[in-house]
Structures are given as C-alpha cells and as structure tokens.
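Residue-level structural notes
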Amino acid sequence: MDVKVRNKVAEIQQALEQDEQRISLSDPVAKMMLVALAHQSCEIERKMDQTVERLSERFCDQVLLQSNLKAQPAVTVLSIGNGRECTPYFIDENDAFTYKPTKCNYRPIFKTRIVPGRLMACFMNNTLLQPDKQPVQATWPDNRYNKELWLAFDAAGEVNTLEDVMIALSHPLPDDSLTAEVGDVQIPLSLVMEDMPRTLNSNFMLAEFWKKSLVYYGLWLYRFGKCSNKRTLHRGEIPAWIMDSYAQEILEPFIGNRFLWIRIKTDRGISLPLDTAILLNCIPAVNYDIQDVKLNYSEPIQRLENDKTGTYFLDVVQNQEQAQDFFIRDFDVNQYDNERIREDVTNLYRHYVNDYFAFVDSNSLHDGATLRSLRQSMMQVYDSLDEFRSGNVRRYGGTYAIRNPRNNQQPMVLTYFTTNGERGNLLRRGGRLTSTNAAVGDVEALIDATGGRNKVRDIKTRKELARHIVNSNDRLFTKMDLLQYCKMEFMRAFGEEAISYCNISLSESNVPVDRHIEKCINVHFQILSESLKEEINKSDFFDYLKINIELRKSFSCLLIIFI
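Figured I'd write up the structure that's included with this text. (Residues numbered from 1 in each chain as written. Predicted model: local features only at pLDDT ≥ 70, side-chain atom pairs only at ≥ 80, totals over all residues. Heavy atoms only, no water.)

Observations concerning the layout of surface pockets
The volume enclosed by the largest pocket comes to roughly 850 Å³. Every residue lining the largest pocket is counted, 32 residues in all, and those nearest its centre are Arg-118, Leu-119, Pro-131, Ile-278 and Leu-279. Listing elements by their share of the lining of the largest pocket, those giving two or more residues are strand S1 (75–80), strand S6 (117–124), strand S15 (278–280) and strand S24 (443–445). With six residues, S6 is the single largest residue contributor to the lining of the largest pocket. Here the residues of the lining of the largest pocket are counted per class, giving 18 nonpolar, seven polar and seven charged. (1 Å grid on protein atoms, 1.4 Å probe; cavity = no way out; pocket = protein on both sides within 12 Å on 5 of 7 lines; lining within 4 Å. Points joined across faces, edges and corners; volume = space filled by probe spheres on them. Helix = DSSP H or I, 4+ residues; strand = E, 2+ residues; numbered from the N terminus. Nonpolar A, V, L, I, M, F, W, Y, C, P; charged D, E, K, R; others polar.)

As structure tokens, then:
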C-alpha cells in the first residue's frame, strides 16, 4: 500500500472513530472498500494539485509576450575616430565592434556615414569654444549670428554630402525646424531618438528605454538628412563676421585654412550652455551578433544559444521564403518536465488497463484485441519510466530552431540574432573597442552600456512578471505596483533566490527642488548579504531600474532609490 494511501486510511479511520463508528481492517471487504476510497481520494487531491500548478504556468505563458521573457541587449553610444581612410564611408549592421575584456560585439543601430576629420571650433552666443581650451568671449559681438551654432570642421578629404552623419551634443537643441547650411547647401537636421531603430523595432519598451537612457546620460544625437547637392561641399575661409568679432591673435589658427563651416539654426534661435560638448561621427550601438545555422534532413534541430559563450537568442532575420520551413522553440519557457511526463503516461496506462479489463468482462477476449495491443504498448512505456525520474536526466534548455517535418528534404540556412544579455553592460564609458572595418580608427564608448538583461528562466520570476502585467498592464499606478515591479526586476537581475536576502520598502518624504518643496517616494533596498550587495553595486541595476520606472509611472512624484 502506498504511503499516502496508508495515511489517508488512518485519517478516515480516525474520523469514523470520532463519529463512534468502527471499521475492522480484518474484514477483507471493508478493507478493500476503505483502501479503494482512500486511493481515489489521493488521486483526486493529486489531480487538483496538478491542475492548479499547470493552470498557473499556462497562465504565465499566455500572459507574457515572448519579448518580455527573452534576453535584452545592452545599448551604448560609440565615438568613431579617424583611421587610414580619408574619404567618407558608411558603417552599418555588418560592422562589428568588439570589447575584448568581455568578448561582446556591438553593432550600429542605424546605417551611418562617417566623415574623417576634426572639429576645430564652435562659435555660439558670441563665444569661441575650442577643444581643451577655455571659452573666449567676442571682443566686438555681432548679434546677427548670436542665436546660431557655427562649427568649423576640418575634413580629411573631399565631402559631397553630410547625409546620415551623426552629431552628439550634451545639451538639446530646439526641436523646431532644425536646418544646417554648408555654403549655399541646406540640409535638414533631426533628432535620432525620434527614429525607430530597425534592430529594436520588435520591442517597443526596449526602444523607449534606449531613448530615455540617452537623456539620462545627458546625450542628444542628431542626424543630417537628405540634400539635393550633387557637388563637393564648399570649403571656405573664416567668415567675415567672425573675423570682425575677435582679435587677430585669437583667430590665428583659423586664418589661411579652409574648413567646412556648418551653420545650424532654428526659427526660435539656439542658446546652449558654455559647457556643451559637441562631437561628430557618433553612432548608437546595440550588443548583438549575427549568426547562421544549417538545418537539413540529418540534423533537423539546432540549438541557437551557447552557455559557454553566454549568448542568448534574440530574434530571427525575417525571410518570407523560409517562414513555413521552420519554427523556434524555447525550452526554458516551454519546458519538458520529466516527472510530469511520467505522471501523464501513468494515468494513460491506468486508463487503458481499466478499459481493457472492463471490455474483457463484458465481451469476449477476441473483441478486445485492439485494447490489448494498446495495453501492451503502454506497459512497455510504463516499465521504462524508471529511467526518466527527476534528477536522472538533464533537462532541455535554451532556444532551438526546428525544421518543419513536412518540408525537411532540402537543407536551409537560418540567420538569427544573439545577444550577451547582462554581460553587455560591462562596457563602461571610455572603454576601447576594436573593429572589423579597416577604415575605422580608435573606437571609444561615450556612455556606459546599459539595459542588457538575461532571459527569464525561473518560474517564480515569470509569475511575478505575469502578476505585474495583469495587475497594471505594465504601468505603475500605485505604491503596490511600484513595489511589485521593483521585486520582479530584482529577481530577474539577480535570481529568484536573491530576493530572500533583500527587503524592499517604500516611504514618502519632501525634498527641496528649485526653491520649492516637492513630494518624493523613496525606494529602499535592504540587502542582508554582503556578497550580494557588492554584486549589486558593481552592476547598473539602479540606473536601469530608475529609467524603466520613469517610463512606466503615472504619478509625478520624484523617485529616489537607495541601498
């Protein structure tokens, strides 16, 4: 007799004794009925427990979109230095920039034109700004050009157009009617953050996070648009109004040299702080790589993730001709549970056995030939289940590409994207990268890489994520929403076991802001483990959390996060 059944029999006997009724187990009929009742009761309880667990996991899988569970790539902004190439050239997703300490590749979000050269000076607000020098006020100010931005760019070669060139500023320009002029050629100028990246267009919140993170790090990217110019852009000497505004000894480095004078203006005028940093040839980049895998008749299934290199599957390069030839299965989400398979087969075995004997009792054995063969097959499967108990066989893991069985005769090559998740965040500001493009010079990170997250594999974290999405539709309305979101992100970043060493609490306070008092919500992470605290301090978790809360919150209170 099974232990659970034995305990249930004892429980039933105890309940009957309380009602002053006794059943003697020495009576074979009474014992058989009591054991049958206990066995059926245990079966009902077991199926009820399975139903609740399966419903909760099924609910999580239905509520959560794939983009919520899969890994997220880190984003950063890179500065492209001058190399051996003098003429302008393009950089696109085929160019990889490698950060050697982590062996992570970063690829451009946009196709960008690189114009080799140096930004020599900037004239704005009647002030001359030069690299590594103090600002110089105009001796004889000319207010006609006071609200414009003039850049002196020393190009290494001839430049026919500035289309798709990017420029980075540490303060924003006015957002209305931005135009640039080089000689008599007019070029529109637009904010890069208003464009939708091709690589990130499958994840709206990731694109919004990228835009918000640029503002958080104090960086605004602008891109030169199309122009109808068909000739080489004019290089000119220093404009007359600048010559008339400064003493000759101040302008000595510019006299006699011919630069590309880029004049940026708007209808409302431009006024930037004197500490504004300006840099050309900058590109936003994402931590992802492009890989290929071959599916054929002999190898119809291939894994798309690699635990040794720490790469996660991100997305498939769209190809309409191959859309019906394969499918993607993530076994970290749709996991095969060996113990659950064993239970299902056991239930099916008992079902066939019961049907077989019931059929034999009411009919001849010859009529039950089909059921008998089914029963024998299920007995063979049932006898082999001991090899597949939990712990005996390693679970499947990772994402796989599987060839469609209906069309697997011809081999196919599948191209897909991978990312390094949280490891991509290890690129810090000032980090140097190498490039596969021979024309590229020194490549340096302008801001810390941020936003990289590993795939959600833990069922507890998935349940927390599903609870957050169901309760608030991925928005933050109340303190409870904020607390639950912080808990979910903490579990995703450091694992479901780490939450047992962390207490998250909220409190309210008032802080002075620009000569007035504003209400503030404090999020306090009390970490009970020193090793975990050290791991958190080394990560970008709090920056990532603050940016994402700002994207989702529906209240105007300030937010302070501290540990």
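Some points on the packing of helix H8 (residues 459–472) against helix H9 (residues 479–494)
The contact between H8 and H9 brings their axes to 9 Å, and the two run at 150°. Our classification of the angle between H8 and H9 gives roughly antiparallel. In this structure, H8 meets H9 at a crossing whose hand is left-handed. Residues Lys-460, Thr-461, Glu-464, Leu-465, Arg-467, His-468, Asn-471 and Ser-472 of H8 lie in contact with H9, whose contacting residues are Asp-481, Gln-484, Tyr-485, Lys-487, Met-488, Met-491 and Arg-492. Looking at the contact of H8 with H9, its residues break down into four nonpolar, five polar and six charged. (Axes fitted to C-alpha atoms, helices over the stretch in contact; angles between N-to-C directions. Parallel < 35°, antiparallel > 145°, perpendicular 65-115°, else oblique. Left-handed = near helix turned anticlockwise from the far one by under 90°. Contact = heavy atoms within 4.5 Å.)

Structural notes on the nonpolar core
Leu-149, Leu-162, Leu-173 and Ile-264 are the most contacted members of the largest nonpolar core, which totals 54 residues. Membership of the second largest hydrophobic core comes to 31 residues, among which are Ala-498, Ile-499, Leu-532 and Cys-557. (Core = buried A, V, L, I, M, F, W, Y, C linked by side-chain atoms within 4.5 Å. Buried < 20%, exposed > 50% of the residue type's maximum accessible area, 1.4 Å probe, protein only.)

A word on the sheet that holds strand S27 (residues 558–562)
With respect to topology, three strands assemble into an open sheet ordered S25-S26-S27, the strand pairing being mixed. With partners counted over all chains shown, the strands left at the sheet margins are strand S25 (502–513) and S27, one partner each. The average angle at which neighbouring strand axes cross in this sheet is 25°, direction not considered. Both strand S26 (residues 516–527) and S27 contribute to a ladder of five bridges, which runs parallel. Considered in S27, the bridge of Ile-521 is made with Leu-559. Against the sheet, H9 contacts S25, S26 and S27, and its axis sits at roughly 125° relative to S25. Where helix H11 (residues 541–552) meets the sheet, it contacts S26 and S27, and its direction lies at approximately 160° from that of S27. (Pairing = 2+ DSSP bridges.)

What to know about the environment of Asp-332
In this structure, Asp-332 sits in the loop between strand S20 (326–330) and helix H6 (338–362). For Asp-332, a relative accessible area of 11% corresponds to the buried category. Each C-alpha atom of the pair Asp-332 and Asp-458 lies 8.5 Å from the other, and the pair is 126 residues apart in sequence.

Looking at the sheet that holds strand S21 (residues 399–403)
The strand order across the open sheet formed by three strands is S18-S21-S20, and the pairing between neighbours is antiparallel. Either end of the sheet is taken by a strand with one partner, and the two such strands are strand S18 (301–303) and S20. Ignoring which end each strand starts from, the neighbouring axes of this sheet average 20° apart. Where S20 meets S21, five bridges bridge the pair, whose relative direction is antiparallel. Note on S21: the bridge partner recorded for Asp-330 is Thr-399.

What to know about unusual backbone geometry
What you tend to see is this: most non-glycine residues have negative phi, and most peptide bonds are trans. We note that Asp-164 has phi near 70°; this positive angle belongs to a residue other than glycine. Examined against the element boundaries, Asp-164 turns out to sit in the loop between strand S9 (149–155) and strand S10 (166–169).

Remarks on the environment of Thr-311
Residue placement: Thr-311 occurs in the loop between S18 and strand S19 (312–316). On the accessibility criterion, Thr-311 (14% relative accessible area) is buried. When the C-alpha positions of Thr-311 and Asp-289 are compared, they lie 9.1 Å apart, and in sequence the two are 22 residues distant. With residues near it in sequence (within four places) discarded, Thr-311 still touches Glu-305, Asn-306, Thr-418, Thr-419 and Asn-420. Within the structure, the side chain of Thr-311 is placed 3.4 Å from the side chain of Thr-309, a separation counted as a polar contact. (Polar contact = N/O pair within 3.5 Å; in protein donor to acceptor, adjacent residues only side chain to side chain.)

Describing the pattern of salt bridges
Here the structure, examined in full by the defined rule, presents 18 salt bridges. In this structure, the salt-bridge partner of Glu-148 is Arg-263, at a minimum N-O distance of 2.8 Å. Residue Glu-148 is located in the loop between strand S8 (136–137) and S9, and its partner Arg-263 is located in strand S14 (residues 260–265); the two are separated by 115 residues in the primary sequence. Taken as a pair, Glu-148 and Arg-263 share a single burial class, namely buried. With its nearest N and O atoms 2.4 Å apart, the salt bridge here joins Lys-479 to Glu-508. Residue Lys-479 is found in helix H9, and its partner Glu-508 is found in strand S25; the two are separated by 29 residues along the sequence. Residue classification places Lys-479 among the partly exposed positions, given a relative accessible area of 41%. (Salt bridge = Lys/Arg side-chain N within 4 Å of Asp/Glu carboxyl O.)

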